[in-house]
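Examining the three-dimensional arrangement
One-letter residues, chain by chain:
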Amino acid sequence: MIMSDLQTKASKIGEVVLFPREEVLAALHSMVQTVRIHQENNELVVNGVRRFLKIVYELLEDSDDLTIQWSKGRFFVQEEKVVHRRESSNLVDNMLKFFEKRGLMGLRIYPSIA
């Protein structure tokens, strides 16, 4: 999937339109927050995992793995910078704090895991 394809496949959460690279961060953030509150068999957790995996599968179509990295306050998904937009700045800031707090520089997800 090339960048122009990803930009045209934006999704809408509330009133905020998220591009696929932002969407993977939103799904990861939502899943982590839901898991903190509920047990693993809770419907909200199951739906959150399904949403995250759906996005991962889409991004894995043309790749051997999915990489999410951060550097200098910016996220990169599949080595392409996630554009820092006002509409998604809260999400990006929350995920940066999440990664920073845990000492993570990134994640790599392989198809066999997803």
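Definitions and limits used
Residues numbered from 1 in each chain as written. Predicted model: local features only at pLDDT ≥ 70, side-chain atom pairs only at ≥ 80, totals over all residues. Heavy atoms only, no water. Helix = DSSP H or I, 4+ residues; strand = E, 2+ residues; numbered from the N terminus. Buried < 20%, exposed > 50% of the residue type's maximum accessible area, 1.4 Å probe, protein only. Contact = heavy atoms within 4.5 Å. Polar contact = N/O pair within 3.5 Å; in protein donor to acceptor, adjacent residues only side chain to side chain. Axes fitted to C-alpha atoms, helices over the stretch in contact; angles between N-to-C directions. Parallel < 35°, antiparallel > 145°, perpendicular 65-115°, else oblique. Left-handed = near helix turned anticlockwise from the far one by under 90°. Nonpolar A, V, L, I, M, F, W, Y, C, P; charged D, E, K, R; others polar. Pairing = 2+ DSSP bridges. Salt bridge = Lys/Arg side-chain N within 4 Å of Asp/Glu carboxyl O.

1. Quick notes on the side chain of T34
- Note that T34 resides in helix α2 (residues 20-37).
- You can call T34 buried: its relative accessible area is 15%.
- The contacts of T34, once residues within four sequence positions are left out, are L44 and V45.

2. Looking at the side chain of R21
- Take R21: it is sitting in helix α2.
- For R21, a relative accessible area of 6% puts it in the buried group.
- At a separation of 3.2 Å, a polar atom in the side chain of R21 contacts the main-chain carbonyl oxygen of V77.

3. With respect to the packing of α2 against helix α4 (residues 89-101)
- Running from N to C, α2 and α4 point in directions that differ by 60 degrees, and their axes come no closer than 10 Å. Taken together, the axes of α2 and α4 are oblique relative to one another. Helix-helix and strand crossings are classified by hand; for α2 and α4 the assignment is left-handed. Of the residues in α4, those touching α2 at E22, L25, A26, L28, H29, V32 and R36 are L91, N94, M95, F98 and F99.
- The class makeup of the residues in the contact of α2 with α4 is 8 nonpolar, 2 polar and 2 charged.

4. Quick notes on the pairing of strand β3 (residues 66-71)
- Bridge count for β3 against strand β6 (residues 106-109) is 4 bridges, and the pairing is antiparallel. Bridge pairing in β6 links I68 to L107.
- Bridge count for β3 against strand β4 (residues 74-77) is 4 bridges, and the pairing is antiparallel. Residue pairing for β4: Q69 is matched across the bridge by F76.
- Linkage of β3 to β4, two consecutive antiparallel strands, is achieved through a turn of 2 residues, within which K72 is found at a positive phi near 50 degrees.

5. What about the packing of α2 against helix α3 (residues 43-59)?
- The interhelical angle for the contact between α2 and α3, taken along N-to-C directions, is 155 degrees, at an axis separation of 9 Å. With respect to α3, the element α2 is oriented roughly antiparallel. In this structure, α2 meets α3 at a crossing whose hand is left-handed. Each of P20, R21, E23, V24, A26, A27, L28, S30, M31, T34 and V35 in α2 lies in contact with α3, whose residues at this interface are L44, V45, G48, V49, R51, F52, I55 and L59.

6. Considerations on the pattern of salt bridges
- If you walk through the whole model with that rule in mind, you get 6 salt bridges.
- Close ionic contact of E80 with R21 constitutes a salt bridge, the shortest N to O distance being 3.5 Å. Remark: R21 occurs in helix α2 and E80 occurs in strand β5 (residues 80-81); sequence separation between them is 59 residues.
- Residue class for E80 comes out partly exposed when judged on its relative accessible area of 28%.

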